[in-house]
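A structural walkthrough
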Amino acid sequence: MFSIHRQDFGTDFTFGVATAAFQIEGGQRDGRGPSIWDSFSRTPGNVHNGDTGAEACNHYELWPQDLDLIRDGGFDAYRFSFAWPRLIPGGTGAVNQAGLDFYDRLIDGMLERGIKPYATLYHWDLPSPLQDKGGWMNRDIANWFADYAVLIAQKFGDRLEATATINEPWCVAFLSHFLGIHAPGYRDLRAAARAMHHVLFAHGTAIDALRANGAKNLGIVLNLEKSEPASDSEEDKQAANVGDAIFNRWYLGGVLKGEYPTELTGPLAAYLPDGYEEDMAVVSRPLDWLGINYYTRGLYKSAPDQPVFPIAQVKGDLEKTDIGWEIYPQGLTDLLVRVSRDYTKLPLYVTENGMAEVEGDSDPRRAKYYEDHLKAVLSAREQGADVRGYFAWSLLDNYEWAEGYNKRFGLVHVDYQTQQRTPKSSYRAFQGMLHNSR
Ligand code: IFM
């Protein structure tokens, strides 16, 4: 059981769980088109054990029991993502009726159970035909994404509680085009610079399209880290500042102030799209809320031998999760307070937070992780951050991208042979808090 209570968060605070389409749906049939993760995961060496999303958690068929788990856990909301290739298999053009029908059933299933739908348009499963045209490196993606956003607004907008454009633009751009760890697996500075701008330009274009088509309560979900120096040296402090620019300030500054950090626009000048400055008004379109995904901190040291960004990340000595990320709840408080002090007075939502833990349905370390991070949210609220909700990542053990099925973030255990769901003790801890009043 948690030692904190639902009432500590006030009466209007939203508690939810989060997932993403590619990580849980499976069901790659009924007209669903190919995505970049299908081919990336089938390329040897990209994903642990060669795991693919072909079956995942078979949420495509088992969604009713998954929604029951959300309701029975006492959660108010479900943050899910639409699969663009299921809805528009070619990325642009013809719409797949079976895809529309699936999300109709899913959203109506939430509403029937009293669960609020929090939707994300893009959680990394880009239709392959769009990658063939350059994907996020091509400026035209803003138009492709806006057309997709119009479809969502027209078909589902009236039933959605909130809609986010992009999940974790740092991952879409830097992790996938510079570090090469996620699809499409580029390791190229020019590709990365273009993706870094186009992902935010497409976000702003989609906000316009959603609003023009009546969608309400619009935001974006940024993954932020607490960037810290590995030592007290001036060089390491500067390295942490560059790390902060790459991970946090490019996205916070772009979306909320219409400006990119000069630490990056200088080194990236030769690689950014010409005239990107003229897009900044679109990049920073007004929003209704901001989502923040938080997992850990980043620890940096100076590395003068590195070209372009003279920094290196080092491992810290805090307790680590099963994926090797340090457990650092104070970082969540600090980030929430910083964002509300330096960037925006918009309502903030913690749209993801959670930890990977070894397999099993007894997960006391995870329950403590959640309790400590919920306390961190309370502390940020006491310091003035307007945090309105918290979503645990994730409802189910699922496909953890390049880690395949090897890393488990679920409140509910999934046996991938039988698709049996078993609630873990962390799920019971949430259930206890959310069902009980003091
Ligand atoms: O599984 C991911 C999710 O897709 C995006 N945020 C981080 C999670 C854990 O790595």
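This text goes with the structure placed above it.
Residues numbered from 1 in each chain as written. Predicted model: local features only at pLDDT ≥ 70, side-chain atom pairs only at ≥ 80, totals over all residues. Heavy atoms only, no water.

Along its length, the chain carries 15 helices and 11 strands. Here the C-alpha atoms of the chain give a radius of gyration of 20 Å, agreeing with the 22 Å that 2.2 N^0.38 yields for 438 residues. For the chain, the spread of C-alpha atoms along the three principal axes comes to 50 × 50 × 45 Å. Counting contacts in the chain only where the partners sit at least 6 residues apart, residues at least 24 apart contribute 76% of the total. Only carbon and sulfur atoms are counted for the fraction: they give 47% of the accessible area of the chain, which is about 15900 Å². Looking at the chain, you have 43 positive and 59 negative side-chain charges, and the mean spots of the two groups are 2 Å apart. (Helix = DSSP H or I, 4+ residues; strand = E, 2+ residues; numbered from the N terminus. Rg over C-alpha atoms; globule rule 2.2 N^0.38 Å. Contact = heavy atoms within 4.5 Å. Areas by Shrake-Rupley, 256 points an atom, 1.4 Å probe, with all protein chains shown as cover. Lys, Arg positive; Asp, Glu negative; His and termini not counted. Charge placed at Lys NZ, Arg CZ, Asp CG, Glu CD.)

All right, on to helix α10 (residues 234-257) then. Taking 1.5 Å per residue as the helical rise, α10 with its 24 residues ought to reach 34 Å, whereas the 28 Å between its terminal C-alpha atoms falls clearly short. Approximately 55° is the largest bend angle found in α10, and it occurs at N248. Counting buried positions along α10 yields 17 of 24 residues, so the element is predominantly enclosed. A positive backbone phi angle near 70° is found at G258, which sits one or two residues after α10. (Expected span 1.5 Å × (residues − 1). Bend = angle between axes of the 7 residues up to and from the residue. Buried < 20%, exposed > 50% of the residue type's maximum accessible area, 1.4 Å probe, protein only.)

Close to the ligand lie Q23, H123, W124, N167, E168, Y295, W325, E352, W393, E400, W401 and F409. Q23 is positioned such that a nitrogen or oxygen atom in its side chain is 2.7 Å from an oxygen atom of the ligand. Interatomic distance of 2.8 Å between a side-chain N/O atom of W401 and an oxygen atom of the ligand. Residues belonging to the shell around the ligand are distributed by class as follows: 6 nonpolar, 3 polar and 3 charged. (Near = heavy atom within 4 Å. Polar contact = N/O pair within 3.5 Å; in protein donor to acceptor, adjacent residues only side chain to side chain. Nonpolar A, V, L, I, M, F, W, Y, C, P; charged D, E, K, R; others polar.)

Another aspect to go through is the packing of helix α13 (residues 329-342) against helix α14 (residues 364-382). Interaxial distance between α13 and α14 falls to 8 Å at its minimum, and their mutual angle equals 30°. One finds that α13 runs roughly parallel with respect to α14. Our pair here, α13 against α14, has a crossing hand that is right-handed. Note on element contacts: α14 touches α13 through D372, H373, A376, V377, S379 and A380, opposite P329, L332, T333, L336 and V337. (Axes fitted to C-alpha atoms, helices over the stretch in contact; angles between N-to-C directions. Parallel < 35°, antiparallel > 145°, perpendicular 65-115°, else oblique. Left-handed = near helix turned anticlockwise from the far one by under 90°.)

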